[in-house]
Amino acid sequence: MEAHEEKPIIYTMENKPIVTCAGDQSLFTSLYTSLAQQLPKEPMEWRRSYGRAPKMIHLEANFVQFKEELLPKDGNKALLTFPFLHIYWTDCCDTEVYKASVKEDMQRWQNILRLHSSVDWLIVVVESDAKKKNKTNILPRTSIVDKIRNDFCNKQSDRCVVLSDPLKESSRSQESWSSFLTKLRTLLLMSFTKNLGRFEDDMRTLREKRTEPGWSFCDYFMVQEELAFVFEMLQQFEDALVQYDELDALFTQYVLNFGAGDGANWLGSFCAPVRSWNGLLLRRPIDMEKRELIQRGEASLLDLRSYLFSRQCTLLIFLQRPWEVTLRALELLHNCVQELRLLEVSVVPGALDCWVFLSCLEVLHRIEGCCDRSQLEANCSHTVGLWTYATEKLKSLGYLCGLVAENGPTSEDLNRTVDLLAGLGTERPETVNSMQSPYKKLKEALSSVEAFEKHYLELSHAAVEMYRAIGRMRSARLVGKSLAEFYMRKGDPERAEGFLEESLRLYVAEGWSLQVTHTRKQMAECQKLLRQTDDYLQTSALLAGDANLNQEERTHFCQEILSFASQPPGPSDQTVALSMAAFAQLRQLQFSPPGAVVHVGAALQLELRVRCLMPVAVHVGQLAATLHFSLEQGGARGRAGSSQRRPGQGPQGQGDGVVLFPQGSPLSGAGCSLTPALELYEMQDRSPSDSSLNSAGVVCKNVHLLLRRHDSNASLDTPTAGVLPAAVAVDDGAQMLRARDVTLQPGDNSILFTAPTGEPGSYTLRQLCGSVGRVQFVQSHIYPVVQYEVYSQEPQLTIEPLSDNLLAGIPQRVKFTIATGHYSIKKGDALQLSNTDSMPILHSSRCSATILSSTGGQLPSPHEHMGERALSIQSSEKVTSISLPPTPPYHTLEFQLEVLCHIPPAPLKLDSERLTNGEVRHRSKSRSHADSAMIHIDQKVSIDCPWSIYSTLISLTFYVPFKAKHTLLSAGRRKYIQVCLQNVSDSNFHLADPVLVERQPTTTVELLSLNAKRQQLVCSQQSLFCLWEMRWAKDLPPCLQCEFSASFVPISALDPPAAFKTYRYEFQLDRVSTLYSVKAEICPASGDKHCRTGTLCGLEVSITRQAEPSETEGEEEESTEIEGLKTTKLMYEVVDNSSNWAVCGKSSGVVSMPVAPSATHRVQMEVMPLFAGHLPFPNIKVFKYLPHSAAQVIQPDTDSCLENDNLSLLDKGLDDQGDTASIRSRGSVHSVGSGEQQREQQRGLPMPRLEPFSPGQVFNWTQGRQVLVLPATDDHVMEVNVT
Amino acid sequence: MAVCIAVIAKENYPLYIRSVPTQNELKFHYTVHTSLDVVEEKISAVGKAMADQRELYLGLLYPTEDYKVYGYVTNSKMFRKLHNSFTDVMCNPFYNPGDTIQSKAFDGMVSAMMVQAS
């Protein structure tokens, strides 16, 4: 190829490694096309030094004609022009010809190569059959090749290859091609490895010399770039990029070291003032102009950086990594600005802005040039940084050149613009013809205010759009804010407002206080220009309370509000409502009284503690809290549900009427993006009847806050202190807490309110409103809920005893308590008590009432003494009237009265009811008092109160201090009556004059007192016994009605001795006379003088009729006539309950007693003493025996049967045990059959009945008698029972 | 050395932020706040790609002309120190999570990491 250029053009990317061709040029030309095509077809593995990974590589080559000039001279390190392989072509097959010319030519070629110590060569011998046939004296092919090998390749026989019939389509030809190409590739790679390795070694050596004086970065740059070029030439872009990155890092390090004070000489050339700022140029693969500047060591820092980056950019785009270009570009631009600053390079103001602006756009253009639209859109996040950077730079240029000022640029600005434009130079040839080049854009933007605005807005909006698209809202807002600043500068607040608002909302929502303050200040300016008075005042309020501002600024904004507020309102002007939050914070609220529950009309004070955020003292004309009134009147006193939250007992409350308002974090806005703290309270549900716990639970009070949606939009749009509350409605409620003319000092203030308590119900604080002239600061919600309750109470009368128990029969003091409630006792009001006979009211002339004022709520709070008033009591026959002193409502009136409850004659019937004075029916009920066995009387008092048309019934319980019991005692036929009087009260009494009389006196009976005449002391819980003997002349009446009476007086150390009162006790005695007497004798065994234990003794029982049954008694006793003889059946029974005796044999029986005086019946039985000593006689019991008669209609009911059973179960304990003979012998006849079976029989069969005699009807002579029992003779062991 | 150190709550408000020099505080606040965009982006990308692989290093977030903003880096000593100190603050029983950090110890540690500006 003779047409090849003399000098390879290295700035086209068509560079290929150079291979020279010597020898037969026409032969090579014929083969060139196929060779150039075939060479890159198959990849070869390139094994590399320094442990670098082997690579598959497609080789290409630039075949040029061999010339000696091509061979590098000593010291020339250029790699691009370096011939990597030299090939000698020949098709000589004639030995003669070879010897004559070819050999000589080859020799010359070899000598030249050797001279340049180039060892990468190859000799190609092309064979062709056609040529052979023409010649006759043909030597075998091998001979020529052998000759050549012999002559030139003394040890490297592979340096000579044969290419057979290269232009034919035969398999032999193909094979030959293939082996030739392999050889060629291998040799090429060998050459690369060897030469590049040598080059790299040299390069490293050069780099190591970088600390030596005189070392030049530019020189080194050229060397390493050579390597990069070769890699690029070999399509090894990655490796090429590495070379540039290394250069980049090296340079950066030098600049940093320079900044640290370790300067290198060569850096001086880069510190020259910047004269040209025409930006990056990325449209050429290699910017030769800049490269030459570097080569000459004349490049400025920007030149070097620009060139380096343009190379990196080219390689990255080859590597299909355009997004890395954008990232690196941004880094580069930032870096350059920093480096120039670090190296203290003098730069015309704005020049760098121009350079950055142009560069950004250039990079973006370059990227747009190699990507399609969809790719670009998907990778906004990579380009948006450059867009923003360009926007920023254009903006700062605009400000610099006076293009943003309202009045346009000044002449100074224009001069500056001209200087800047001069530094741009002329437009580069690549973009001269394109409509929109960065160069044209910048020039146009700087040309006029309008053009600048157009370009700036275009860029800004593009950046905002991109940020929006990729969801970088904060960045978008920041650009937006920058736009707002621009509009403000342009005097266009309308457009600025929206951007500022958006930004402010974001900062508030995310709680960035400095930004909030800054943006709010801009907002205030904007609103002031827009004459949005309300908004401006609200913003001013917020700024006046902003701790991020200094006192001066805050005072300024505060004055803005105050001066507006003090202006007289125009006719159409309304008051301006602002949010309270900016003005003041509620800290705490304290109720006094702390319960926050008061009666109607009572004084309730609220102390509100407010932190005023204003920097100066502010006079507030009126501070008012509207109240929401509800008639929810659960009768505040009656409401005791534990789940009810009282004000002041809330989560923050300490139970002392204090409500603490939660404080937002110092960052006013942060609070709203945070989730509020859980507010829980315990809930218990108790059964209304017995207040037992039904269920318990935990209730979350602020669910509505916690379960709010938390998506990002909601959190950004939450109305906050930064944004005005939608509508601050000032509710003109009728009920208000009001404080006038309050001056709020900066910081905490305390304001006292008097709460209206006119109507019963519950009052909830809703809004708080402070008026400063025309301005109102409104807090639309007060949280936590603050409420107090006002109740109304019905007047109430209670009467309670002064002592623990009221005693009947003695004057007792009772206390009357009137809680007036809402009723006011007027002069002339009186209590009308209905008099009763059983309970007269004893009033003295001196009687006074105490009036107490109840302060406060439900708790029985300490009463305040109001004074004593006289009380006048008039008593008529039926009514006792107590005139009450005038008492105001919600006071307590107390006085005491003495009453006396008469003791009704005992025994009292259970349901005795007595009507007293006709109209009122009062009931005296007596029941046996469980513990003290006291009888009590419920005495009802009917009282007419002045506040009610109904009578009040009040029950007083009196206790009878005594209990009486009577007993009939017999001694043979003589009868005695014993009365036992027991003092069951806690007091001591004197008793006198016990008297027993017959109620219907009969002449026949005389009662003879056997008692002492003196007064007797009866202490508490002690008894007095009185005894009377009954004497009678003729017959005893069957029934004797008696009345016992005794005088008593309580003994009291304090009171003077009172008059004696009488206690009466009535009772009745029936069947008094003795009917039978029972005698018993125990006879020792025959021949013995005394009874002995273990020996049977005889028991003789004789029952004697003492008197004929009277008529009445006869009726009761079942008498039968047997053979004309009238008899009564009796049953006797011998029982020994103390187990002293064993009754042997028959222990009971039925006898028929003739109805005749002194009729006697004797029964013999055997008993055995079980112990020695004086033993009491066994009991002998006598019952009426009523045999069953068929005529008896009434079937013996089970109860009576059981009763009989019970009677017969004499020795239950023993009975149950078992049936040993001895026990059985002691058991009774009836007791044997206590089993269920026998009981059934008893029920089924008609059975005789047993009936006991009344006490006194049977007299037992043996009662208390004892008999001496000697121990058995042979007993050596004596049992001693000590009990 | 750092010129500004900020600890940001997950709700994106600053728990702690300090910068030197102080006269540029506002600018730093703006920068830090804006870089949260990238934090969000990276965190959500991490959530998608490698949920189990918890990488706290977010790397370079937001390069500006003057400063570079780095996200929570655990693989450098500086950030490990910051992390440890932050953990200490969080372990303080009197610290209410979500409040701004006012710990003196944390402040001192941050100061040590900052440029000792004149």
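Residues numbered from 1 in each chain as written. Chains lettered and ligands numbered in written order. Predicted model: local features only at pLDDT ≥ 70, side-chain atom pairs only at ≥ 80, totals over all residues. Heavy atoms only, no water.

- Under an unreviewed UniProt entry, the name given to chain A is Trafficking protein particle complex 10, and the source organism is Esox lucius.
- In its Subcellular location (unreviewed entry) section, the UniProt entry covering chain A states "Golgi apparatus". (UniProt positions renumbered as here; feature names shortened; annotations may be inferred.)

**Observations concerning the overall build of chain B**
Moving on, step 1. Counting its regular elements, chain B contains 3 helices and 4 strands.
Moving on, step 2. For chain B, the N- to C-terminal ordering of α and β elements is β-β-α-β-β-α-α.
Moving on, step 3. Accessible surface computed for chain B: about 6,800 Å², of which carbon and sulfur atoms make up 56%. (Helix = DSSP H or I, 4+ residues; strand = E, 2+ residues; numbered from the N terminus. Areas by Shrake-Rupley, 256 points an atom, 1.4 Å probe, with all protein chains shown as cover.)

**A word on the sheet that holds strand E42 (residues 1039-1050) of chain A**
Residues and elements named next belong to chain A.
Moving on, step 1. As summarised here, the arrangement of the 4 strands in space is E40-E38-E42-E43, forming an open sheet in which the pairing is antiparallel. Two strands in the sheet have a free side with no partner beyond their single neighbour: strand E40 (1016-1018) and strand E43 (1061-1070). For this sheet, the mean angle separating the axes of adjacent strands, direction not counted, is 35°.
Moving on, step 2. As paired strands, E42 and E43 are joined by 10 bridges and run antiparallel to one another. Bridging from a neighbouring strand, Leu1040 pairs with Leu1069 of E43. (Pairing = 2+ DSSP bridges. Axes fitted to C-alpha atoms, helices over the stretch in contact; angles between N-to-C directions.)

**Some words on the sheet that holds strand E46 (residues 1097-1105) of chain A**
Residue and element names in this part refer to chain A.
Moving on, step 1. Taking strand neighbours across the sheet as the criterion, the 5 strands line up as E49-E51-E46-E44-E55 in an open arrangement whose pairing is mixed. Either end of the sheet is taken by a strand with one partner, and the two such strands are strand E49 (1141-1144) and strand E55 (1258-1260). The mean inter-strand angle of the sheet, taken between neighbouring strand axes irrespective of direction, is 30°.
Moving on, step 2. Bridge count between E49 and strand E51 (residues 1160-1169): 4 bridges; the pairing is antiparallel. Residue pairing in the sheet places Cys1144 in a bridge with Glu1166 of E51.

**Points about the interface of chain B and chain A**
Moving on, step 1. Facing the 24 residues of chain B at the interface are 29 residues of chain A.
Moving on, step 2. Both sides together, the interface formed by chain B and chain A hides about 2,400 Å², and carbon and sulfur atoms give 57% of it.
Moving on, step 3. Area buried by chain B at its contact with chain A is led by Tyr30(B), His33(B) and Glu65(B), which between them contribute 32% of it.
Moving on, step 4. Counting the contacts that link chain B with chain A gives 3 salt bridges. (Contact = heavy atoms within 4.5 Å. Buried area = accessible area lost by both parts, 1.4 Å probe. Salt bridge = Lys/Arg side-chain N within 4 Å of Asp/Glu carboxyl O.)

**What to know about empty space enclosed by the protein**
By rolling a water-sized probe across the atoms, one finds the places where empty space is left.
All names here are of chain A.
Moving on, step 1. Scanning the entire structure with this criterion turns up 12 cavities of 30 Å³ or more.
Moving on, step 2. Its volume calculated, the largest cavity comes out at about 140 Å³.
Moving on, step 3. Around the largest cavity, the lining is made up of 13 residues, and of these Asn278, Glu362, Arg428, Thr431 and Tyr439 lie nearest the centre.
Moving on, step 4. Breaking the lining of the largest cavity down by element, the ones donating at least two residues are helix H11 (351-370) and helix H15 (438-445).
Moving on, step 5. Counted by class, the lining of the largest cavity contains 6 nonpolar, 3 polar and 4 charged residues. (1 Å grid on protein atoms, 1.4 Å probe; cavity = no way out; pocket = protein on both sides within 12 Å on 5 of 7 lines; lining within 4 Å. Points joined across faces, edges and corners; volume = space filled by probe spheres on them. Nonpolar A, V, L, I, M, F, W, Y, C, P; charged D, E, K, R; others polar.)

**Focus on the packing of aromatic side chains**
Residue and element names in this part refer to chain A.
Moving on, step 1. All chains considered together, the criterion is met by 42 aromatic pairs over all chains.
Moving on, step 2. Centre to centre, the rings of Tyr487 and Phe499 are 6.2 Å apart; their planes meet at 15°, and the pair counts as stacked. Here Tyr487, found in helix H17 (residues 473-489), pairs with Phe499, found in helix H18 (residues 493-510); they are 12 residues apart in sequence, far enough to count as distant.
Moving on, step 3. Taken together, Trp215, Phe217, Tyr220, Phe221, Phe251, Tyr254, Phe270 and Tyr307 form an aromatic cluster joined through their ring pairs.
Moving on, step 4. In this structure, Arg159 is placed above the aromatic ring of Trp121, and the distance from its NZ or CZ to the ring centre is 5.6 Å.
Moving on, step 5. The ring of Trp1261 carries Lys1079 above its face, with NZ or CZ at 5.0 Å from the centroid. (Phe/Tyr/Trp six-rings, centres within 6.5 Å; stacked < 30°, edge-to-face > 60°. Lys NZ or Arg CZ within 6 Å of the ring centre and 35° of its normal.)

**Some words on the packing of helix H16 (residues 449-469) of chain A against H17(A)**
All names here are of chain A.
Moving on, step 1. Between H16 and H17, the least distance of the axes is 8 Å, while the angle of their chain directions is 160°. One element, H16, and the other, H17, form an angle in the roughly antiparallel class. Pair H16 / H17 crosses with left-handed handedness. Residues Phe452, Glu453, Tyr456, Leu457, Ser460, His461, Ala463, Val464, Tyr467 and Arg468 of H16 lie in contact with H17, whose contacting residues are Met473, Ser475, Ala476, Arg477, Val479, Gly480, Ser482, Leu483, Phe486 and Tyr487.
Moving on, step 2. For the contact of H16 with H17, the per-class residue count stands at 12 nonpolar, 5 polar and 3 charged. (Parallel < 35°, antiparallel > 145°, perpendicular 65-115°, else oblique. Left-handed = near helix turned anticlockwise from the far one by under 90°.)

**Things to note about the side chain of Thr764(A)**
Residue and element names in this part refer to chain A.
Moving on, step 1. The topology assignment puts Thr764 in strand E18 (residues 761-772).
Moving on, step 2. The exposure class of Thr764 is buried, given its relative accessible area of 9%.
Moving on, step 3. The residues touching Thr764, leaving out its near neighbours within four places in the chain, are Thr626, Leu627, His628, Val785, Val786 and Gln787. (Buried < 20%, exposed > 50% of the residue type's maximum accessible area, 1.4 Å probe, protein only.)

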